[in-house]
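# Secondary and tertiary structure notes
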Amino acid sequence: MTHALNLVWNPSEGINLGFFMIRYYSLMFVIAFGLGWYLMKKIFERENESIDKLDSLFVWTVLATLIGARLGHVFFYDWEYFRNHLLEIFLPFRFEPKFEFTGFQGLASHGAAIAIIVAMYYYSKMILKRPLLWILDRVVIPVASGAIFVRLGNFFNSEIIGHETTSAFGIRFLHDKFSKGEAVNATQIADPKEAYNAIAHNPKFAELLAQVPAKHPTQLYEGFCYIFVFAILFFLYWKTNARLKSGFLFGLFLVLLFVVRFIVEFVKESQGGIEEELGYFSTGQWLSIPFIIIGLFFIIRAQRNPLATS
């Protein structure tokens, strides 16, 4: 039987500039959107499309991603809670049992995907003046690259992790096992950062460290696979005539990305949601199936009618 590498994941919250903390999760989003803007700029230049329309695309995509991802989490994964705490949907606070700043602790990629498609529909009609599938075939390239960095952000946050494992890929997520309060109480060290460091490195707290199981780093599994999703789409757009097959790249993106998601879900811890009612598959898998089917439809449609438009 193989054993985990015993890598203890105890990241800092971010880059401390003294007067400001750049959190890694936020930084990954900034990189994702920044790289996305650069990629779309190159695409617009190739297509002789006005760069003036790029700023609007950036704003629409950012808003759609954040709002859609938030609403996706609310409705797909945690509606039972939010139906009684409606203000917390768009406010980064928890009001019960006590008032506290929580940030937005739930973003769902399926919700982001739906919102981006809706936003691109209006963008294509109101600003771009091109068919919907034209922009969808191209925007999926930066979206695929952004997905890589979002999953890295999840890794830094020690969230969306997998089941316990004895494989060599296992990582011990210290922050997943102990909250800040639990780490402070267990070590009697007032500073949460120092408390975590003590558990990770001080032999005095070896028994606490032994309680941290190795789990699948599913964020890294997904992020690694998304590199190939991005590379395939990037290559097909720039090196082949795939961009001329209306809907092909969009369909391929849906199939590749959500097949990855479906497979990784098998080793991912439950995120709650509709799986309790439907059973067998996880919520993430049930939500991925329609996207895969839609993707296959557009791939087949594009192959049969390469010049089809929407």
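These notes cover the structure that comes with them. (Residues numbered from 1 in each chain as written. Predicted model: local features only at pLDDT ≥ 70, side-chain atom pairs only at ≥ 80, totals over all residues. Heavy atoms only, no water.)

### Concerning the packing of helix α1 (residues 24-46) against helix α2 (residues 52-77)
Cut-off, in case you're wondering: A fitted line through C-alpha atoms serves as each axis, taken over the contacting stretch for helices, and the angle formed by two N-to-C directions is quoted from 0 to 180°. For helices the rule is a DSSP run of H or I covering at least 4 residues; for strands it is a run of E covering at least 2, with both sets numbered from the N terminus onward. Two helices crossing with the near one rotated counterclockwise from the far one by less than a right angle form a left-handed crossing, whereas a clockwise rotation gives a right-handed crossing. It only takes one pair of heavy atoms within 4.5 Å for two residues to be counted as in contact. Residue type decides the class: Asp, Glu, Lys and Arg count as charged, Ala, Val, Leu, Ile, Met, Phe, Trp, Tyr, Cys and Pro as nonpolar, and the leftover types, Gly among them, as polar.
Between α1 and α2, the shortest axis-to-axis distance is 11 Å and the interhelical angle comes to 145°. Viewed along their axes, α1 and α2 form a crossing whose handedness is right-handed. When α1 is examined against α2, the residues F29, F33, W37, M40, K41 and F44 are found in contact with a partner set consisting of K53, L54, D55, L57, F58, V62, T65 and L66. Tallied by class, residues from the contact of α1 with α2 come to 10 nonpolar, one polar and three charged.

### Digging into helix α8 (residues 192-201)
At 3.6 residues per turn, the α-helix brings residues three or four places apart onto the same side. The test is simple: Burial classes follow relative accessibility: with a 1.4 Å probe on protein chains only, a residue under 20% of its type's maximum area counts as buried, one over 50% as exposed, and anything between as partly exposed. Pairs of N or O atoms are called polar contacts if they sit within 3.5 Å, as long as, within protein, a hydrogen donor faces a hydrogen acceptor (for residues adjacent in sequence, only side-chain-to-side-chain pairs).
Every buried residue of α8 is accounted for by A195, Y196, A198, I199 and A200. Looking at the buried side of α8, the elements it contacts are β1 (7-9), α6 (174-177), α7 (180-187) and α9 (206-210). Residue D191 occupies the N-cap position of α8, its side-chain oxygen lying 3.0 Å from the main-chain nitrogen of K193.

### Here's the deal with α1
Put simply, the rule reads: Multiplying 1.5 Å by the residue count of a helix minus one yields the expected span of that helix.
Compared with an ideal rise of 1.5 Å per residue, which puts 23 residues at 33 Å, α1 spans 33 Å between its outermost C-alpha atoms and is within 8% of the ideal. Y24, Y25, M28, F29, A32, F33, G36, L39, M40, I43 and F44 are the residues of α1 that are buried. The elements touched by buried residues of α1 are β2 (14-16), β3 (21-23), α2, α4 (109-128), α5 (132-156) and α10 (218-239). Positioned one or two residues after α1, N48 has a phi angle of 55°, which is positive.

### Here we look at unusual backbone geometry
The phi dihedral of K129 is positive, around 60°, even though this residue is not glycine. Residue placement: K129 occurs in the loop between α4 and α5. Since its relative accessible area comes to 59%, K129 is described here as exposed. Of note in the backbone geometry, S158 takes a positive phi value of approximately 55° without being a glycine.

### Side note on the sheet that holds strand β6 (residues 171-173)
Applicable threshold: One bridge is not enough; two strands pair if DSSP finds at least two bridges between them.
Strand order across the open sheet formed by three strands is β1-β6-β7, with mixed pairing between neighbours. Both outer strands of the open sheet, β1 and β7 (214-215), are each paired with one neighbouring strand and no more. In this sheet, β7 lies alongside β6 in antiparallel orientation, the contact comprising two bridges. What sits directly across from R172, in β7, is A214.

### Structural notes on the pattern of salt bridges
Threshold: One speaks of a salt bridge when a side-chain nitrogen belonging to Lys or Arg is within 4 Å of a carboxyl oxygen belonging to Asp or Glu.
Across all of its chains, the model carries 12 salt bridges by this definition. Taking the shortest distance from any N to any O, the salt bridge between K215 and E269 comes out at 2.6 Å. Highlighted residues: K215 in strand β7 and E269 in the loop between α11 (248-264) and α12 (275-278), separated in sequence by 54 residues. When its relative accessible area of 10% is taken as the criterion, K215 is described as buried. Via salt bridges that share partners, R151, E222, R261, E265 and K268 belong to a single interconnected network.

### Observations regarding a nonpolar patch on the surface
Going by this rule: Residues enter a patch when their relative accessible area is above 30% and they make no salt bridge; the linking distance is 9 Å between like charges and 5 Å between nonpolar side chains (Val, Leu, Ile, Met, Phe, Trp, Tyr). Residue exposure ignores everything except the shown protein chains as possible cover, and the areas themselves are Shrake-Rupley values with a 1.4 Å probe.
Nonpolar side chains collect at one region of the surface, where L35, W37, Y38, F58, V59, L63, I67 and F90 lie side by side and expose about 720 Å² of accessible area between them. Sorting the residues of the nonpolar patch by element identifies α1 and α2 as the ones contributing at least two each. It is α2 that provides the largest number of residues to the nonpolar patch, a total of four residues. With respect to the secondary-structure elements, L63 resides in helix α2.

### So, the side chain of S282
Relative to the helices and strands, S282 resides in the loop between α12 and α13 (283-304). Side-chain polar atoms of S282 contact the side chain of E265, separated by 2.7 Å.

### Side note on the nonpolar core
As a reminder, the rule being used: Note on terminology: a nonpolar core comprises buried Ala, Val, Leu, Ile, Met, Phe, Trp, Tyr and Cys residues joined through side-chain atoms within 4.5 Å.
Core analysis: the biggest nonpolar cluster contains 48 residues, and F44, L57, M120, I135, L233 and F248 have the highest contact counts within it. For M120, the contacting residues outside a window of four places in its chain are L57, T61, L132, I135, L136 and V139. Counting 13 residues, the second-largest nonpolar core is a separate cluster that includes F178, L208, L209 and V212.

### Details of the packing of α4 against α13
Packed helices, taken two at a time, are described by the angle between their axes plus the distance between the axes. For clarity, the threshold we go by: Roughly parallel means an angle under 35 degrees; roughly antiparallel means over 145; roughly perpendicular covers 65 to 115; every other angle is labelled oblique.
Following both chains from N to C, one finds α4 and α13 inclined at 25°, their axes separated by 10 Å at the closest point. Comparing the axis directions of α4 and α13 gives the class roughly parallel. Considering how the two elements wind past one another, α4 and α13 form a crossing that is left-handed. Contacts between α4 and α13 involve H110, A113 and I114 from the former and G284, L287, S288 and F291 from the latter.

### Brief notes about the packing of aromatic side chains
Under the convention used in this document: Working definition: rings of Phe, Tyr and Trp (its six-membered ring) pair if their centres are within 6.5 Å, and the pair is stacked with planes under 30 degrees apart, edge-to-face with planes over 60 apart, and tilted otherwise.
Counted according to the given criterion, the structure contains 22 aromatic pairs. Measuring from ring centre to ring centre gives 4.3 Å for W9 and F155, while their planes differ by 25°; the resulting arrangement is stacked. Of this pair, W9 sits in strand β1 while F155 sits in helix α5, placing them 146 residues apart in sequence. Using a relative accessible area of 18% as the deciding quantity, one classes W9 as buried. Pairwise contacts between aromatic rings join W9, Y24, F155, F156 and F173 into one cluster.

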